[in-house]
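# Survey of secondary and tertiary structure
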Amino acid sequence: MNVEKATEADIGALVELRIAYLTEDDGPLDADVIESIRRDLPGYYRRHLGADLFVYVIRDAGSICSCAFLLVVEKPMSPAFITGRTGTVLNVYTRPACRRRGYARRLMQALLDDAQAMDLSVVELKATEDGYPLYRLVGFVDDTSKYHPMKWVRR
């Protein structure tokens, strides 16, 4: 059970894992959404993989069965992120047949080791109820802020 970083050769599998993750997280996806993801996501991966997106994977019988994404962003420095480099964890997913083997924990430990080596000031994520105990176990803490989380959504 070795943790590896995904390469361009893994893009097809990463697209399918993203669809599986989104389906499990959001429920069934519309056919047009799936078509759009399959059409456009490979280009995103080609542009970002290994540059500002690092995908950690574990293979079982040669196929990726578990993954975790680290998106790195550089921002103007502040006391909250003194190096200006931050990370966001996305798409932590293990295929159902491969669960309860410690894969997600191994992926997160490798990801956080690399975050340290990349001099990231902070790594953030949004935890599901199922993932929350794992993230606490590997060192994440609940985020508190004087700011209100908000977002703008394109119409």
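The preceding data block contains the structure.
Attention in this report is confined to the structure presented alongside it. (Residues numbered from 1 in each chain as written. Predicted model: local features only at pLDDT ≥ 70, side-chain atom pairs only at ≥ 80, totals over all residues. Heavy atoms only, no water.)

## Some points on the overall build of the protein
Along its length, the protein carries four helices and five strands. Reading the protein from its N end, one meets helices and strands in the order β-α-α-β-β-β-α-β-α. In terms of principal-axis extent, the alpha carbons of the protein reach across some 45 × 40 × 30 Å. Counting every position in the protein, which comprises 155 residues, the buried fraction comes to 36%. Restricting to contacts in the protein with at least 6 residues of sequence separation, those with at least 24 account for 62%. (Helix = DSSP H or I, 4+ residues; strand = E, 2+ residues; numbered from the N terminus. Buried < 20%, exposed > 50% of the residue type's maximum accessible area, 1.4 Å probe, protein only. Contact = heavy atoms within 4.5 Å.)

## Notes on the packing of aromatic side chains
Two descriptors summarise a pair of aromatic rings, namely the distance from one centre to the other and the angle between the planes of the rings. In the structure shown here, the tally under the stated rule is four aromatic pairs. Between the aromatic rings of Tyr 21 and Tyr 93, the centroid separation amounts to 6.4 Å while the plane-to-plane angle is 85°, which identifies the pairing as edge-to-face. Taken together, the positions of Tyr 21 in helix α1 (residues 11-26) and Tyr 93 in strand β4 (residues 85-94) put the pair 72 residues apart, joining distant regions of the chain. With a relative accessible area of 7%, Tyr 93 lands in the buried category. Seen from their ring centres, Tyr 135 and Phe 140 are 6.0 Å apart, and the 75° between their planes marks the pair as edge-to-face. Its relative accessible area of 12% is what places Phe 140 among the buried residues. Three or more aromatic residues joined by ring pairs form one cluster here, namely Tyr 44, Tyr 45 and Phe 69. Directly above the ring of Phe 81 sits Lys 75, whose terminal nitrogen or CZ lies 5.1 Å from the centroid. (Phe/Tyr/Trp six-rings, centres within 6.5 Å; stacked < 30°, edge-to-face > 60°. Lys NZ or Arg CZ within 6 Å of the ring centre and 35° of its normal.)

## Let's talk about the nonpolar core
Judged by nonpolar contacts, the single largest core of 24 residues is most densely connected at Tyr 56, Leu 70 and Met 108. Put simply, the parts of the chain that give this core at least two residues each are β2 (53-60), β3 (63-74), β4, α3 (103-117) and α4 (132-137). At seven residues, the largest contribution of residues to this core is made by α3. Apart from residues lying up to four places away in sequence, Tyr 56 is in contact with Val 3, Glu 4, Lys 5, Ser 66, Cys 67, Ala 68, Leu 70, Leu 107, Ala 110, Leu 111, Asp 114 and Met 118. In terms of nonpolar packing, the next biggest core, distinct from the first, is built from 20 residues, Ala 6, Ile 37, Leu 41 and Val 55 among them. (Core = buried A, V, L, I, M, F, W, Y, C linked by side-chain atoms within 4.5 Å.)

## Looking at the environment of Met 108
Residue position: Met 108 is located in helix α3. Taking the C-alpha atoms as reference points, Met 108 and Val 89, separated by 19 residues in sequence, lie 9.0 Å from one another.

## Structural notes on the state of the cysteines
Under the defined criterion, the tally for this structure stands at zero disulfides. Looking at the unpaired Cys 67, the closest cysteine sulfur is the one in Cys 65, lying at 9.4 Å. Take Cys 67: its relative accessible area is 0%, and that puts it in the buried class. (Disulfide = S-S within 2.5 Å.)

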